[in-house]
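# Understanding the architecture of this molecule
So you can see what is in the structure, the chains are spelled out below.
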Amino acid sequence: MREIPVEWTARVLRPCPVLLLSSRHERRSNLAPLTRYALLSQAPTLIGFSLAPSSMSCHLVRQSGECILCVPDVSLLSEVHDAGIVSGRDCDKLRRLRLLLRGSRCVAPFVPVGALASLECEVRESRLVGGDRHFVVQVVSAEVDDEAFGEEWRPESAAWFHHLGGDRYLCRGEVLRAQPVVIEADLPLDDER
Ligand SMILES: Cc1cc2nc3c(=O)[nH]c(=O)nc-3n(C[C@H](O)[C@H](O)[C@H](O)COP(=O)(O)O)c2cc1C
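What you are looking at is a predicted structure, and each value in this text was computed from that prediction instead of being measured.

A few words now on the site of the ligand. The ligand sits among 20 residues. The nearest are Arg36, Ser57, Gly84, Ser87 and Gly88. When residues of the shell around the ligand are traced back to their parent elements, those giving at least two are β3 (28-34), β5 (46-51) and α2 (56-64). Residue contributions to the shell around the ligand peak at 4 residues, all from β3.

Following this line, the structure appears as structure tokens:
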């Protein structure tokens with residue numbers, strides 16, 4: 001991964017790919033897909049996104065005041081989908097999905113290995129709008145995969161994807177279905193993470 005100027009966030013988000021939100025507060029970490037987001041300001045670099053207030057991600061982002069927005073590669077599609085149909089309130093998703101994780105530069109949450117880009121963010125504002133909690137976060141550090149991104153995405157190497165609904169996704173013009181994630185056993189909540 002290579003660090004890029006945070007002002008390049010617009011280039012990272014331009015295709016509007018499905019994102020994976022990584023959050024962490026004290027010993028709890030979580031992952032959830034995110035599609036309700038938008039770039040709100042270039043400088044400072046602000047992103048807005050909305051989360052169901054009942055979700056574990058909402059709780060962790062509010063408590064910690066930070067998060068990471070990752071662009072997952074299509075190789076993670078089934079894991080990303082699974083993270084969107086189970087809640088971190090009911091299981092430890094990091095253990096359930098058995099993803100390789102690495103630390104980040106400026107904030108506490110983990111980055112899944114296989115992310116094509118990661119935007120490390122600090123919360124600047126949050127409020128309830130309608131039924132959702134809206135967050136405004138500032139990107140404080142940004143990284144991209146060298147092969148997938150030069151000064152822009154390289155579409156021949158970058159395989160991000162879009163959500164069509166249900167378990168259907170679109171990647172490079174091809175419709176893909178998320179596959180069930182193989183789970184070894186019922187993994188209980190682990191407060192050590
Ligand atoms: C592709 C996809 C995108 C999603 N985008 C959002 C979103 O933008 N905001 C949201 O609140 N929930 C979204 N969801 C639903 C949450 O991921 C889901 O409620 C999840 O169980 C929340 O997990 P958590 O409680 O561990 O945070 C999405 C689900 C999928 C499958």
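Glancing now at the pairing of β3. Residues in a regular strand project their side chains so that they alternate between the two faces of the sheet. Of all 7 residues making up β3, 5 are buried, and the element is well covered by its neighbours. In this structure, strand β2 (residues 19-25) lies alongside β3, joined through 7 bridges in antiparallel fashion. Of the residues in β3, the one forming a bridge with Ser22 is Leu31. Counting the residues between successive antiparallel strands, the hairpin from β2 to β3 contains 2 residues, one of them, Glu26, with a positive phi of roughly 50°.

What follows concerns the environment of Pro53. As for its position among the elements, Pro53 is in the loop between β5 and α2. Pro53 sits 75 residues away from Leu128 along the chain, and the two C-alpha atoms are 8.3 Å apart. When neighbours within four sequence positions are excluded, Pro53 is seen to be in contact with Cys58, Leu128 and Arg133.

Our focus in this paragraph is the nonpolar core. Nonpolar side chains in soluble globular proteins tend to be buried together. In this structure, Leu69, Cys70 and Ala117 are the most contacted members of the largest nonpolar core, which totals 46 residues. Those residues within four positions of Leu69 in sequence are excluded, and the remaining contacts are Leu19, Leu21, Leu34, Ile47, Leu119 and Cys121.

Criteria and cut-off values
- Within each chain, residues carry numbers counting from 1 in the order of the written sequence.
- Side-chain atom pairs in this predicted model are given and counted only at pLDDT of 80 or more, local residue features only at pLDDT of at least 70, and totals for whole chains, interfaces and linings cover all residues.
- Placing the C-beta atom from the backbone, one calls a residue near a molecule or strand if that atom lies within 6 Å of it.
- The helix and strand labels rest on DSSP assignments: H or I over at least four residues marks a helix, E over at least two residues marks a strand, and numbering proceeds from the N terminus.
- Working definition of burial: number of other C-beta atoms within 10 Å of the residue's own, with buried at 20 or more, exposed at 12 or fewer, and partly exposed in between, all C-beta atoms being placed from the backbone.
- Any two strands between which DSSP finds at least two bridges are classified as paired.
- This entry defines residue contacts through backbone-placed C-beta atoms, with two residues in contact when those atoms are within 7 Å.
- The term nonpolar core means buried Ala, Val, Leu, Ile, Met, Phe, Trp, Tyr and Cys residues held together as one set by C-beta atoms within 7 Å.

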